[in-house]
Amino acid sequence: MESEKFPICAFRTMRPVWQLTFENARKASRIMRALTVVPGVPNSARLDDIPEPLNADGAVLVQTLMIGVCGTDRDIVSGRYGSSPPGRERLVLGHESLGGVLSAPAESSIVGGDLVVGIVRRPDPVPCSACACGEWDMCRNGLYTERGIKHRNGYGAERFRVEPEFTIALGPTLGDVGVLLEPTSIAAKAWDHIDRIVTRSRCWRPQVVLVSGAGPVGLLAQL
Ligand SMILES: [Zn+2]
């Protein structure tokens, strides 16, 4: 997708500049730009003006710096995947995020100016046994929700809110590369599981690993 269709990419700037950018944003109107789509309707993606993030989305207010676009986003834009928040027609896209913190609760470990990424999935409300122990990526009943994908607006807006416990702070030197944290976490999880499987054997020491699939996540895993 060409960047000119997604003006949010204009926020691909380093800290000194984006600090100025979000200072201006604070003074702006209560409307912001967002990438939205009607799930199930092919090619319905567009740039919309929407209200500022709802407080209910989380206590950490973030200025978006970059948004990653992956195969899931392409599927959503193609109408093959995704679902809007309850009662809404359109879904705000974007689950691979990178932003700078505008404000955060004093009691949290997140502070203004931090470079952060928002976690995508939220546990199901039941919860199932996996969600109950914090492994919501293993959700067993499918009632989980996901930012920018399933029943929750995503991070593809000029600003977003996220709960402190679903906010990952990055080292400031990581810069733009931080937008790869979410897809890299998938590869890291795969390696974590491989390690656990390997340790079941006292003698098996694999020297070669086959990564099936040639998509970006597969390539990340090979790195
Ligand atoms: Zn669950």
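Everything quoted here is computed from the prediction, not taken from an experiment. (Residues numbered from 1 in each chain as written. Predicted model: local features only at pLDDT ≥ 70, side-chain atom pairs only at ≥ 80, totals over all residues.)

## Considerations on the overall build of the protein
Quick note on the threshold: Put simply, DSSP marks the helices as runs of H or I at least four residues long and the strands as runs of E at least two long, and each gets a number from the N terminus on. The burial label depends on the number of other C-beta atoms within 10 Å of a residue's C-beta. Counts of 20 or more mean buried, 12 or fewer mean exposed, and intermediate counts mean partly exposed, with C-beta atoms placed from the backbone. This entry defines residue contacts through backbone-placed C-beta atoms, with two residues in contact when those atoms are within 7 Å.
Within the protein one finds five helices and 11 strands. By the burial criterion, 30% of the 223 residues in the protein qualify as buried. Sequence separation of at least 24 residues holds for 69% of the intrachain contacts in the protein that already meet a minimum separation of 6.

## A closer look at the pairing of strand S1 (residues 31-37)
We apply this condition: Two strands form a pair only when DSSP identifies at least two bridges running between them.
Of the pairings in the sheet, the one linking S1 to strand S2 (residues 46-51) comprises six bridges and is antiparallel in character. Bridge assignment links arginine 33 to a residue of S2, and that residue is aspartate 49. Both S1 and strand S4 (residues 91-92) contribute to a ladder of two bridges, which runs antiparallel. By the bridge assignment, valine 37 is partnered in S4 with leucine 91.

## Notes on the environment of aspartate 49
Of note, aspartate 49 is situated in strand S2. Exposure remark for aspartate 49: the 10 C-beta atoms within 10 Å place this residue in the exposed category. Distance from aspartate 49 to alanine 34, taken between C-alpha atoms, is 6.3 Å for residues 15 residues apart in sequence.

## Considerations on the sheet that holds strand S9 (residues 151-152)
Across the sheet, which stays open at both edges, the three strands sit in the order S7-S8-S9 with mixed pairing between neighbours. Single-partner strands in this sheet number two, and they are strand S7 (121-122) and S9. Where strand S8 (residues 145-147) and S9 come together, two bridges link them in parallel fashion. When the sheet's bridge partners are listed, arginine 147 is paired in S9 with arginine 152.

## Considerations on the confidence of the model for the protein
The cut-off we apply is this: On a scale of 0 to 100, pLDDT captures the predictor's confidence in every residue.
On average, residues of the protein carry a pLDDT of 87, and 87% of them reach 70 or more. Between residues 1-18, whose pLDDT stays under 50, and residues either more than four places distant or in other chains, the model counts 27 contacts.

## Concerning the nonpolar core
Here is the rule we go by: Each nonpolar core consists of buried Ala, Val, Leu, Ile, Met, Phe, Trp, Tyr and Cys residues. Their C-beta atoms, within 7 Å, join them into a set.
Grouped together as the largest cluster of nonpolar side chains are 28 residues, with contacts concentrated most on Val37, Val60, Val62, Val92 and Leu93. For this core, the elements supplying multiple residues, two or more each, are S1, strand S3 (60-68), helix H2 (71-77), S4, strand S5 (96-103), strand S6 (115-118) and strand S10 (159-162). The biggest single contributor to this core is S3, with six residues. Beyond its immediate stretch of four places on either side in the chain, valine 92 contacts Ala34, Leu35, Thr36, Gly148, Asn153, Gly154, Gly156 and Ala157.

## A short note on the sheet that holds S4
The strand order across the open sheet formed by three strands is S2-S1-S4, and the pairing between neighbours is antiparallel. The outermost strands of the open sheet, each flanked by one partner alone, are S2 and S4.

## Concerning helix H4 (residues 181-198)
Stated formally: The span expected for a helix works out to 1.5 Å for each residue beyond the first.
An ideal rise of 1.5 Å per residue puts 26 Å on 18 residues; H4 measures up with 25 Å between its terminal C-alpha atoms. Those residues of H4 not exposed but buried are Leu181, Glu182 and Pro183. Along its buried surface, H4 packs onto S3, S5, S6, strand S11 (167-170) and helix H5 (216-222).

## As for unusual backbone geometry
With an omega of -15°, the peptide bond between valine 126 and proline 127 qualifies as cis. For proline 127, the location among the structural elements is in the loop between S7 and helix H3 (129-132). Even without glycine at this site, asparagine 43 takes up a positive phi of about 55°. With respect to the helices, strands and loops of the structure, asparagine 43 is situated in the loop between S1 and S2. Classification of asparagine 43 as exposed rests on a count of 10 C-beta atoms within 10 Å. Its identity as a non-glycine residue notwithstanding, histidine 151 has a phi of 65°, on the positive side. For histidine 151, the location among the structural elements is in strand S9. For histidine 151, a count of 18 C-beta atoms within 10 Å corresponds to the partly exposed category.

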